[in-house]
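Report on the structure
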Amino acid sequence: MIRALLLDLGDTLIDTQNDNKPFSGVQEALAELQQLPTADHTPLVLCLVSDFTMPEPRTEATIAAAFREYLEILDQTGLRPYFEPVDERITLSTHVGVGKPDAAVFKEALKRAGINAPLTEALFITEHAGHINACRKELHMKALQFGVDFQTWPAAPALVAQEIGAPGS
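Residues numbered from 1 in each chain as written. Predicted model: local features only at pLDDT ≥ 70, side-chain atom pairs only at ≥ 80, totals over all residues. Heavy atoms only, no water.

1. Observations regarding the overall build of the chain
Looking only at helices and strands, one finds seven helices and seven strands in the chain. Reading the secondary structure of the chain in the N-to-C direction produces β-β-β-α-β-α-α-β-α-α-β-α-β-α. On C-alpha atoms alone, the chain measures out to a radius of gyration of 15 Å, which is about the 15 Å that the 2.2 N^0.38 rule sets for 169 residues. Per-residue burial for the chain yields a buried fraction of 47% across its 169 residues. A sequence separation of at least 24 residues applies to 62% of the contacts in the chain between residues at least 6 apart. Here the chain has roughly 7,900 Å² of accessible surface; of this, 48% comes from carbon and sulfur atoms. (Helix = DSSP H or I, 4+ residues; strand = E, 2+ residues; numbered from the N terminus. Rg over C-alpha atoms; globule rule 2.2 N^0.38 Å. Buried < 20%, exposed > 50% of the residue type's maximum accessible area, 1.4 Å probe, protein only. Contact = heavy atoms within 4.5 Å. Areas by Shrake-Rupley, 256 points an atom, 1.4 Å probe, with all protein chains shown as cover.)

Written out as structure tokens, the structure reads:
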């Protein structure tokens, strides 16, 4: 049973080639996704998992600075409200010290969100084909590739509902 939806930000939810503007329909899709019940009728937990930056040296202060910079982007895009509380719903690779698709990043995201579950209970959405392949083949996670499995964000909620086995889907 899928309990968490893990989302990439850059080039998945926002267009990094167009001033980080959210892709058309992203906010409406996120609002719908927040309302999706899982197969056991509990709310689907939405989280961001990003390879935003890996500061050197990687210290508590540099990690905190990177996190603040990431939150500024979320504020500018208007997407932050979908991932509150941010300390639970946003995981940067710098929090773990390794990049995606390392399992440790996804495990940390579930831990931060308070979800005691294996990676098989998470669905990951990204545009990155290599991450999709690793999630599916090595980590045994469900994964959807933006731009391949669905082309526009208005199509995402119905597809995600089907993937997670939401009641009524």
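2. Overview of helix α7 (residues 156-164)
Since there are 3.6 residues in each turn of an α-helix, residues three or four apart along the chain are aligned in direction. Listed as buried for α7 are Ala-156, Pro-157, Leu-159, Val-160, Ala-161 and Ile-164. As for α7, its buried residues are in contact with β1 (4-7), α1 (26-35), β6 (122-126) and β7 (142-145). Positive phi appears at Gly-165, one or two residues downstream of α7, with a value of about 70 degrees.

3. Concerning the nonpolar core
Ranked by size, the top nonpolar core spans 37 residues in total, and within it Leu-7, Leu-13, Leu-30, Ile-90, Trp-153 and Val-160 carry the most contacts. Every residue in contact with Leu-7, bar those within four places of it in the chain, is listed here: Leu-13, Leu-30, Leu-46, Cys-47, Leu-48, Val-49, Phe-83, Phe-124, Ile-125 and Trp-153. Membership of the second largest hydrophobic core comes to 21 residues, among which are Val-49, Phe-106, Leu-119 and Met-141. (Core = buried A, V, L, I, M, F, W, Y, C linked by side-chain atoms within 4.5 Å.)

4. What about the pairing of β1?
Every second residue of β1 is oriented toward a common face, with Ala-4 and Leu-6 on one face and Leu-5 and Leu-7 on the other, all of them buried. Pairing analysis gives four bridges linking β1 to strand β4 (residues 45-50), with the strands arranged parallel. By the bridge assignment for β4, Ala-4 is matched with Val-45. Here β1 runs beside β6; their pairing, made up of four bridges, is parallel. Bridge pairing links Leu-5 to Leu-123 in β6. (Pairing = 2+ DSSP bridges.)

5. Some points on the pairing of β6
For a regular strand, the rule is simple: side chains alternate between the two faces of the sheet. For β6, the buried fraction is high: five of the five residues fall into the buried class. Both faces of β6 are covered, namely the face carrying Ala-122, Phe-124 and Thr-126 and the face carrying Leu-123 and Ile-125. With four bridges connecting them, β6 and β7 associate as parallel partners. Residue pairing in the sheet places Phe-124 in a bridge with Ala-143 of β7. The β-α-β motif built from β6, the intervening helix α6 (residues 129-137) and the parallel element β7 has right-handed crossover chirality. (Right-handed = clockwise from strand over helix to strand, strands pointing away.)

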